[in-house]
Amino acid sequence: MSHFSLGLAKWSVTIKTSWSNLLTYRLNFFLQVIGPSLVFFFIKYNLWWAIYNSHQGDTIKGMTFSQMMNYHVWALITSLIFRGYNSNSLAEDIRLGKISTYMIYPFNFWEHQTCQFLAFSSLQIFVSSVTFFILFAAGIVIFPTFSGVILGLSFSLLAGFLWFVIQYVCGLMAFWLEETWMIRVMTELVVNFLSGNIFPLELYPAKLTVFLKYTPFPYLAYYPIKMFLGQNDEIILPLIILLIWIGLFSLFASRLWKKGVCNYTGAGM
Amino acid sequence: MNLTSFKSAKNYFAVYRSFINNSASSAMSFRLNFFLFILIDLSFLMVTLGTTDFIFNHISSIGNWNRDQMLFFITFVILVDWAHMFFLSENFWELSILIRTGQVDFIILRPLSPLFTLFFRHVRFACIFNCIPILSVLFYFGSRLHLALWQWPLVFFLAFLSLILMGLIEITTAMAIFWIQEGMGINFLRIQMQNISRWPDFIYKSFWRKIFIFFVPLLLIGSAPIDIIYNKNYKALLPMIAAIIILSFFVQFILARALRQYESSSS
């Protein structure tokens with residue numbers, strides 16, 4: 001067996017194992033991953049419904065209620081595609097000394113975590129497709145163009161990888177901290193606020209919108225949504241910025257891992 | 001109150017004092033957590049208020065409420081959230097571990113109500129100072145709404161009732177862990193319920209409003225007290241108290257059922 005096919009087999013087996021891990025506790029999977037996005041959408045739907053009802057005029061910043069809802073449906077779909085929670089198990093693995101095994105396995109920790117991410121993403125693409133077709137059948141969302149689907153999906157997967165690396169960095173903090181969930185929650189709060197997940201960036205002050213363009217935040221919601229909606233004025237620049245942020249966070253994660261391993265005590269060994 | 005129940009209350013109070021002391025000394029071992037908790041609560045406060053403020057840059061009211069009324073409501077709910085985080089929250093995360101490791105055995109054997117030990121054992125001491133910025137913001141928006149001095153004790157009394165109601169709803173929900181063992185999903189469900197209660201009742205469509213008032217009374221946590229404060233509608237206290245009484249009995253009933261089907265993993 002060649003080195004490449006052996007590597008591929010390891011990745012494929014790990015992805016399959018991750019699938020079965022994710023689907024063993026289906027209720028938990030639903031409550032942890034799908035539930036929060038659905039509740040978030042439910043609140044946003046009701047909130048915007050109340051806002052448009054009490055607002056004099058049909059539009060807010062040029063958006064009608066149905067346009068606003070279309071935006072939020074895509075926010076739901078994109079968040080379903082990539083909003084994982086891998087740092088949770090990662091931090092636990094570090095704290096409980098479980099990563100010791102990865103130091104002797106011919107498959108390192110980063111590869112294992114990436115396989116988990118790929119398994120999660122593939123499962124979530126299925127979940128978000130089902131969600132989309134239900135909402136489409138209910139007439140809440142408009143079917144995107146072919147180019148919209150391709151661009152939206154590509155941006156979502158890249159954004160998913162960026163989110164995964166950010167979560168990985170949060171999880172690696174477990175080398176230094178007893179609890180990392182606080183960092184994770186804080187990251188989620190800030191990302192939700194600045195990414196355009198709560199409302200479109202058009203509603204933010206103009207100066208803040210320009211500044212945010214160069215931060216990783218809008219690439220975690222606003223740009224993937226806009227790609228699906230076909231409202232993409234530019235593609236190349238956002239793509240480059242997104243790739244730069246993925247690169248920077250990956251580099252940071254790798255440095256952090258190297259430093260963290262030096263601190264690692266291997267609890268329970 | 002007879003002598004026996006007075007002694008019993010005194011006993012519970014002494015035990016609770018030891019719980020607090022233990023939680024405090026444990027929290028002091030991880031001092032960085034104090035700093036992180038301040039950061040997390042400040043970001044939560046800023047993000048929640050910022051979201052509402054940004055929306056009000058484009059509109060003048062939501063329902064009949066203006067910016068200050070909405071921001072006071074949100075800060076009030078955040079105050080209740082803080083109290084919940086301080087007094088109760090950690091116990092929900094620990095419950096699944098207690099059940100899976102069979103530690104509930106020892107809790108049942110103690111001469112204390114299992115409900116008390118299961119849900120009041122841990123106090124999240126690290127977030128003790130976080131009430132300062134929340135209270136400051138609450139006073140700020142309260143003063144913008146010209147709340148009279150006599151209304152402030154009422155605000156805190158209502159916040160206390162809201163905490164009890166929120167606690168009872170969440171304890172009832174958390175009991176499901178006895179059946180499904182794994183607690184992460186249920187705890188995520190709890191957090192989603194908190195998210196629903198953080199917005200005033202009038203934003204929800206009629207059907208959902210009825211569900212979240214009469215079936216799962218999440219909207220009474222924030223909206224009923226604010227209705228009393230803004231509109232002096234003291235009748236709004238009735239459904240709140242009724243929900244607290246009904247849920248108090250329901251919690252006891254569910255706990256008895258949960259303990260009956262609990263299979264100790266340690267024995």
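Fair warning: this is a prediction, and the values are worked out from it, not measured in the lab. (Residues numbered from 1 in each chain as written. Chains lettered and ligands numbered in written order. Predicted model: local features only at pLDDT ≥ 70, side-chain atom pairs only at ≥ 80, totals over all residues.)

1. Some thoughts on the overall build of chain B
What counts here: A run of H or I in DSSP counts as a helix once it spans at least four residues, and a run of E counts as a strand once it spans at least two, with each numbered from the N terminus. Our radius of gyration is a C-alpha quantity, and the globule rule it is checked against amounts to 2.2 Å times the number of residues to the power 0.38. Partly exposed residues are those falling between the two cut-offs: more than 12 but fewer than 20 other C-beta atoms within 10 Å of their own, whereas 20 or more means buried and 12 or fewer means exposed, with C-beta atoms placed from the backbone. C-beta atoms are placed from the backbone for every residue, and two residues are taken to be in contact when these atoms lie within 7 Å.
Helices and strands together make up the secondary structure of chain B, namely 12 helices and zero strands. Going from N to C terminus, chain B has its helices and strands arranged as α-α-α-α-α-α-α-α-α-α-α-α. Taking 267 residues into account, the globule formula puts the C-alpha radius of gyration at 18 Å, and chain B, at 20 Å, falls close to it. Taken along the three principal axes of its C-alpha coordinates, chain B extends 60 × 40 × 40 Å. When burial is assessed residue by residue, chain B has 34% of its 267 residues classed as buried. Within chain B, residue pairs in contact and separated by at least 24 positions form 77% of the contacts whose partners lie at least 6 positions apart.

2. What about the interface of chain B and chain A?
Operational definition: Any residue that is not Ala, Val, Leu, Ile, Met, Phe, Trp, Tyr, Cys, Pro, Asp, Glu, Lys or Arg is counted as polar, Gly included; the first ten are nonpolar and the last four charged.
In this assembly, 35 residues from chain B lie in contact with 30 residues from chain A. The set of elements that each furnish at least two residues to the side of chain B that touches chain A consists of α2 (32-56) and α9 (184-197) of chain B. Of the residues contributing to the side of chain B that touches chain A, the split by class is 23 nonpolar, 10 polar and two charged.

3. Some details on α9(B)
As a reminder of what qualifies: To estimate how far a helix should extend, the number of its residues minus one is multiplied by 1.5 Å.
An ideal rise of 1.5 Å per residue puts 20 Å on 14 residues; α9(B) measures up with 20 Å between its terminal C-alpha atoms. Looking at α9(B), one finds that the buried residues are Gly185(B), Ile186(B), Asn187(B), Leu189(B), Arg190(B), Gln192(B), Gln194(B) and Ser197(B). Of the surrounding secondary structure, the elements contacted by the buried residues of α9(B) are α2 (26-54) of chain A together with α3 (67-100), α7 (151-174) and α8 (177-180) of chain B.

4. Quick look at α3(B)
Along an α-helix, residues three or four positions apart point the same way, because every turn accommodates 3.6 residues. All names here are of chain B. Threshold: A residue's bend is simply the angle between two axes: one fitted to the seven residues ending at it, one to the seven starting at it.
Between its terminal C-alpha atoms α3 stretches 47 Å, which fits the 50 Å expected from 34 residues at 1.5 Å a residue. Remark: the principal bend of α3, roughly 55°, maps to Leu-88. In terms of burial, α3 is largely enclosed, as 25 of its 34 residues are buried. Immediately beyond the C-terminal end of α3, within one or two residues, lies Gly-102, with a positive phi of roughly 80°.

5. Thoughts on the nonpolar core
The cut-off we apply is this: In this usage, the nonpolar core is the set of buried Ala, Val, Leu, Ile, Met, Phe, Trp, Tyr and Cys residues whose C-beta atoms join them within 7 Å.
In this structure, Ala159(A), Leu162(A) and Val165(A) are the most contacted members of the largest nonpolar core, which totals 115 residues. Here Ala159(A) is in contact with Phe82(A), Tyr219(A), Leu220(A), Pro224(A) and Leu242(A), once residues within four sequence places are set aside. Grouped together as the second largest cluster of nonpolar side chains are 15 residues, Leu95(B), Ile99(B), Val104(B) and Leu189(B) included.

6. Quick look at the environment of Leu256(A)
All names here are of chain A. Tracing the backbone shows Leu-256 in helix α11 (residues 236-263). With 177 residues separating them along the chain, Leu-256 and Ser-79 place their C-alpha atoms 27 Å apart. Once residues lying within four places of it in the same chain are set aside, the contact partners of Leu-256 are Val-169 and Leu-172.

7. Describing the packing of helix α3 (residues 65-82) of chain A against helix α7 (residues 146-172) of chain A
Residue and element names in this part refer to chain A. Put simply, the rule reads: Working convention: axes come from line fits to C-alpha atoms, limited for helices to the stretch in contact. Angles between N-to-C directions cover 0 to 180 degrees. When describing relative orientation, an angle under 35 degrees is termed roughly parallel and one over 145 degrees roughly antiparallel, while 65 to 115 degrees is termed roughly perpendicular and anything else oblique. Definitions for this section: a left-handed crossing has its near helix turned counterclockwise from the far helix by less than a right angle. A right-handed crossing has that turn clockwise.
The geometry of α3 relative to α7 is characterised by a closest axis approach of 9 Å and an angle of 55° between their N-to-C directions. Between α3 and α7, the interaxial angle falls into the category oblique. In this structure, α3 crosses over α7, and the sense of that crossing is right-handed. On α7, the residues touching Thr-78, Ile-81 and Phe-82 of α3 are Ser-156, Ala-159, Gly-160 and Trp-163. Considering only residue class, the contact of α3 with α7 consists of four nonpolar, three polar and no charged.

8. As for the packing of α2(B) against α3(B)
All names here are of chain B. Where α2 contacts α3, the two axes come as close as 10 Å, and the packing angle between them is 160°. One finds that α2 runs roughly antiparallel with respect to α3. Judged by the twist between their axes, the crossing of α2 over α3 is right-handed. Contact residues: Asp-41, Leu-45, Thr-48, Leu-49, Thr-52 and Phe-56 in α2; Arg-67, Met-70, Leu-71, Ile-74, Ile-78 and Trp-82 in α3. Partitioning the contact of α2 with α3 into residue classes produces eight nonpolar, two polar and two charged.

These figures capture arrangement, not role.
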